[in-house]
Amino acid sequence: MKRFMSILATLALMAAALVSCDKDDPKPEPQPLDPSYLPGKTFIYKEVVGKDSKVLRITFPSGTDRTFHGMRQLVIDKPGADFSMLAEGYDGIYTTRGNKITAKLRSLSREKVVGNSNAVREDFSYKAGQEPILFEGEVDAAQGKITLRAWDETIVIKLVTY
């Protein structure tokens with residue numbers, strides 16, 4: 001029994017030492033984003049599960065106007081779903097602070113198909129200063145990815161390299 005207690009005490013000391021080491025080691029601060037990093041780049045996310053698929057592509061055109069174009073497509077093969085195919089096109093502006101990014105919509109085009117019916121298209125445009133946020137996230141230039149929060153989920157889009 002004494003040996004068992006001794007082992008438990010040793011494990012507790014080791015765990016406490018590991019925790020205190022983690023507190024002493026400062027977390028590396030992300031480097032501020034170089035303003036020339038995003039222009040001219042495209043990031044993509046693709047997920048396929050059975051017959052269902054999700055695709056998200058965000059392109060930052062070359063130049064200094066801080067705009068983006070995006071596309072999201074969802075295909076769902078489930079009876080009773082709100083739609084069987086949803087395609088959205090985005091145009092907007094983005095801002096960065098440090099390595100954080102916020103993308104706001106200037107316009108949105110949505111095409112939705114329910115079952116075997118014809119596609120229904122909707123177009124929206126937003127006035128300057130009233131643009132809704134499409135996503136917020138963090139840019140990791142070293143890893144070539146953007147971790148964004150949108151549509152009630154976190155998505156990692158990766159740099160497309162040709």
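Here, every reference points to the structure presented above.
Report on the accompanying structure. Every chain begins its residue count from 1, and numbering advances along the sequence as written. Two thresholds apply to this predicted model, a pLDDT of at least 70 for residue-level local features and 80 or more for giving and counting side-chain atom pairs, whereas whole-chain, interface and lining totals are computed over all residues. The side-chain quantities take in all heavy atoms of the structure and omit both hydrogens and water.

### Re the packing of aromatic side chains
Phase 1: For Phe, Tyr and Trp, rings pair up if their centres lie within 6.5 Å, where Trp contributes its six-membered ring, and each pair is then called stacked (planes under 30 degrees apart), edge-to-face (over 60) or tilted (otherwise). Across all of its chains, the model carries 5 aromatic pairs by this definition.
Phase 2: Here the aromatic rings of phenylalanine 43 and phenylalanine 60 are separated by 6.0 Å at their centres, their planes lie at 80°, and the arrangement is edge-to-face. Taken as a pair, phenylalanine 43 in strand β1 (residues 41-49) and phenylalanine 60 in strand β2 (residues 52-60) lie far apart in primary sequence, 17 residues in all. Phenylalanine 60 carries the same exposure label as phenylalanine 43, and that label is buried. Elements are defined by DSSP. Helices are runs of H or I of four residues or more, strands are runs of E of two residues or more, and each kind is numbered from the N terminus. Relative accessible area decides the class of each residue, using a 1.4 Å probe on protein chains only: under 20% of the type maximum gives buried, over 50% gives exposed, and in between gives partly exposed.

### Focus: the nonpolar core
Phase 1: Core analysis: the biggest nonpolar cluster contains 23 residues, and Leu38, Phe60, Ile146 and Ile157 have the highest contact counts within it.
Phase 2: When residues of this core are traced back to their parent elements, those giving at least two are β1, β2, β4 (85-97), β5 (100-113), β7 (133-140), β8 (145-150) and β9 (153-159).
Phase 3: In this view, phenylalanine 60 contacts Leu38, Pro39, Gly40, Lys41, Phe43, Thr67, Phe68, Tyr94, Ile101 and Ile146; residues no more than four positions away in its chain are not counted. Buried Ala, Val, Leu, Ile, Met, Phe, Trp, Tyr and Cys residues that are joined via side-chain atoms within 4.5 Å together make up what is termed a nonpolar core. Whether two residues are in contact is decided by their heavy atoms: any pair within 4.5 Å suffices.

### Observations regarding unusual backbone geometry
Phase 1: We note that tryptophan 151 has phi near 55°; this positive angle belongs to a residue other than glycine.
Phase 2: Along the polypeptide, tryptophan 151 turns up in the loop between β8 and β9.
Phase 3: Classification of tryptophan 151 by relative accessible area gives partly exposed; the value is 27%.
Phase 4: Positive phi values are uncommon outside glycine, yet aspartate 152 reaches one of about 60°.
Phase 5: Note that aspartate 152 resides in the loop between β8 and β9.
Phase 6: On the basis of relative accessibility, which here comes to 86%, the residue aspartate 152 falls in the exposed class.

### Focus: the environment of glutamate 47
Phase 1: Mapping glutamate 47 onto the fold places it in strand β1.
Phase 2: Its relative accessible area of 29% is what places glutamate 47 among the partly exposed residues.
Phase 3: Residues glutamate 47 and leucine 74 lie 27 residues apart in sequence; the distance between their C-alpha atoms is 9.7 Å.
Phase 4: When near neighbours in sequence (up to four residues on either side) are disregarded, glutamate 47 contacts Asp52, Ser53 and Lys54.
Phase 5: Counting of polar contacts relies on pairs of N or O atoms within 3.5 Å, with two restrictions inside protein: one atom must be capable of donating a hydrogen and the other of accepting it, and residues adjacent in sequence are counted only when both atoms are side-chain atoms. Separated by 2.2 Å, the side chains of glutamate 47 and tyrosine 45 make a polar contact.

### Some details on the pairing of β9
Phase 1: Any two strands between which DSSP finds at least two bridges are classified as paired. With 2 bridges connecting them, β1 and β9 associate as antiparallel partners. Looking at β9, one finds that phenylalanine 43 is bridged to leucine 159.
Phase 2: Both β8 and β9 contribute to a ladder of 6 bridges, which runs antiparallel. What sits directly across from leucine 148, in β9, is isoleucine 155.

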